[in-house]
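Understanding the architecture of this molecule
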Amino acid sequence: MGAGTGGAGTVPSPVRWPGLDGTGRRRFSLVVIGDVRIEVRAALDDVRFGELTADRLCYAPARVLVAGTAVNLARCAVAHFRRVSVLAKVGDDDFTAVIRRELRRIGARDRLRVEPGAANGVTLMVRDRPSGEGPGVRLLVAEQDAPGRRLTESEVRSAAAGIRRADALFLDGYSLLSPVSRAALHAAARTARAAGTLVAFDLVPHDVDARLPAAEVLPLLSAADVVISEAPTLARLLGRPVPAGPGEVRALSPVLDRAVAGRPLWLLRFGATRLERVLAYRRDHLLMEYPTGYRDGAERTGFGDRLAACELYWWLSSR
């Protein structure tokens, strides 16, 4: 993979190839570990949260779907990858069959672990009226005691054969928020690295620095082959000022080199909404900076997963 900015004479950015919408030549196998939930989504066209001073009844577009970090990524990854498997812990209620059907529908393999007698986690996402040309504010309410927080090391070990056979393992930071699932995440990363399966890690939630000390996050970053993160999240986690522009994002590079062992590929998101541009960097080597194609008016929900899926395929194809 050569250096550059994605222009003529350089390696194309992942947004140019394979692109956000998939590829005609699906390759590689991917195991995704993360959250699986039932989500209710609504968008308010005539209400701003900041204007509410009393109870309000709103009629607005609303829907229920199977979501969560693992499903959301898998839904996009199947357009690029030959095989996508979802390993997650779910509940044991009427929604469990709905979750399994959705995985089959999108073409992902079901590696779910069911917790007997537990309810599936529920998330509520409400977006208010856009302000000017920008997106509205998103309110995300997630059930705290969801089964995904209790994925265990033993359940990961029971899926070790699939992790070892995969080309890549995709993990995310929500699993770090519970000591139980955090241990499972580390077990999955160890299994992958021992087998030569590449490890990708998405540093979410974007305020993880306010939820966990850096000491709980850095070991997973060091175990990863690629790290996806908003640049401000990483900066705050490492006790640095939030970068104000491309130059300051690049200035994070030596800080990352000192803080994290190994040579992960850093895919640092930045811009007005932290989705507009990406800096791709590996220790002592700026690979490229590229626009993502995100702009005002684009559908924000799911854009980051589309981008991550095409970046993973691009990364594996370059090796």
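Residues numbered from 1 in each chain as written. Predicted model: local features only at pLDDT ≥ 70, side-chain atom pairs only at ≥ 80, totals over all residues. Heavy atoms only, no water.

1. Notes on the packing of aromatic side chains
The following threshold applies: Geometry of aromatic contacts follows a simple scheme: Phe, Tyr and Trp rings, the Trp one being its six-membered ring, pair when their centres are within 6.5 Å, and the pair is stacked under 30 degrees between planes, edge-to-face over 60, tilted otherwise. Put simply, DSSP marks the helices as runs of H or I at least four residues long and the strands as runs of E at least two long, and each gets a number from the N terminus on. Classification of residues uses two cut-offs on accessible area relative to the type maximum, computed with a 1.4 Å probe and protein chains only: under 20% is buried, over 50% is exposed, and between them is partly exposed.
Taken as a whole, this structure holds six aromatic pairs when the rule is applied. Considering the side-chain rings of Phe 28 and Phe 81, the 6.4 Å spacing of their centres and the 55° angle between planes classify their relative orientation as tilted. Remark: Phe 81 occurs in strand E4 (residues 81-87) and Phe 28 occurs in strand E1 (residues 27-33); sequence separation between them is 53 residues. Judged by relative accessible area, which is 11%, Phe 28 ranks as buried. Residue Phe 81 is classed as buried on the basis of its relative accessible area, which comes to 1%. Seen from their ring centres, Tyr 290 and Trp 314 are 6.2 Å apart, and the 65° between their planes marks the pair as edge-to-face. Of the two residues, Tyr 290 is situated in strand E15 (residues 285-291) and Trp 314 in helix H11 (residues 303-317); the sequence distance between them amounts to 24 residues. In this pair, the class of Tyr 290 matches that of Trp 314, namely buried. Three or more aromatic residues link up through ring pairs in this structure, and these residues are Trp 17, Phe 28, Phe 81 and Tyr 313.

2. Describing the pattern of salt bridges
We apply this condition: Any Lys or Arg side-chain nitrogen located within 4 Å of an Asp or Glu carboxyl oxygen qualifies as a salt bridge.
By the definition in use, this model includes 21 salt bridges. Arg 48 serves as the salt-bridge partner of Asp 128, at 3.3 Å between the closest nitrogen and oxygen. In this pair, Asp 128 sits in the loop between strand E8 (122-127) and strand E9 (138-142) while Arg 48 sits in the loop between strand E2 (37-43) and strand E3 (62-67), placing the two residues 80 residues apart along the sequence. For the pair Asp 128 and Arg 48, a shared accessibility class is recorded, and that class is buried. The closest approach of N and O atoms between Arg 75 and Glu 102, which form a salt bridge, is 2.9 Å.

3. Examining H11
Helical geometry note: an α-helix holds 3.6 residues per turn, so side chains three or four residues apart project in the same direction. This is how it is decided: Expected span of a helix, by definition, is 1.5 Å for each gap between consecutive residues, and there is one gap fewer than residues.
Across its 15 residues, H11 extends 21 Å between first and last C-alpha, which sits within 8% of the 21 Å expected from 1.5 Å per residue. Within H11, 12 of the 15 residues are buried, which leaves the element mostly enclosed by the surrounding structure. Along H11, the positions that sit buried rather than exposed are Phe 303, Asp 305, Leu 307, Ala 308, Ala 309, Cys 310, Glu 311, Leu 312, Tyr 313, Trp 314, Trp 315 and Leu 316.

4. Quick word on the side chain of Asp 257
As a reminder of what qualifies: Neither His nor the chain ends is counted toward charge; the positive residues are Lys and Arg and the negative residues Asp and Glu. Polar contacts, as used here, are pairs of N or O atoms within 3.5 Å; protein pairs need one atom able to donate a hydrogen and one able to accept it. Residues neighboring in sequence count only if both atoms are side-chain atoms. Note on contacts: a residue pair is in contact if any heavy atoms of the two residues lie within 4.5 Å.
Among the secondary structure elements, Asp 257 is positioned in helix H10 (residues 253-259). The buried charged residue Asp 257 lacks any salt bridge partner; its closest oppositely charged side chain belongs to Arg 283, at an N-O distance of 4.2 Å. Only 2.5 Å separates the side chain of Asp 257 from the side chain of Tyr 281, close enough to count as a polar contact. Those residues within four positions of Asp 257 in sequence are excluded, and the remaining contacts are Tyr 281, Arg 283 and Asp 284.

5. Points about the packing of helix H1 (residues 69-77) against H11
The condition is simple: Here an axis means a line fitted to C-alpha atoms, over the contact stretch when the element is a helix, while the angle between two N-to-C directions is reported on a 0 to 180 degree scale. Angle categories: roughly parallel below 35 degrees, roughly antiparallel above 145, roughly perpendicular from 65 to 115, and oblique for all the rest. Here is the rule for handedness: rotate from the far helix to the near one, and if that takes an anticlockwise turn smaller than a right angle the crossing is left-handed, while a clockwise turn gives right-handed.
It is the contact of H1 with H11, at a shortest axis distance of 8 Å, that shows an interaxial angle of 55°. When the axis of H1 is compared with that of H11, the two are oblique. Both H1 and H11 take part in a crossing whose hand is right-handed. Every residue of H11 that contacts H1 at Asn 72, Leu 73, Cys 76 and Ala 77 is listed here: Asp 305, Arg 306, Ala 308 and Ala 309.

6. Digging into the sheet that holds E2
Our working rule: One requirement defines pairing of two strands: DSSP has to find at least two bridges between them.
One open sheet accounts for four strands, arranged E3-E2-E8-E9; its pairing is mixed. The sheet is open, and its two borders are formed by E3 and E9, each paired with just one other strand. Sheet twist, expressed as the average angle between the axes of neighbouring strands with direction ignored, equals 20°. Relative to E9, E8 runs antiparallel, the two being bridged by five bridges.

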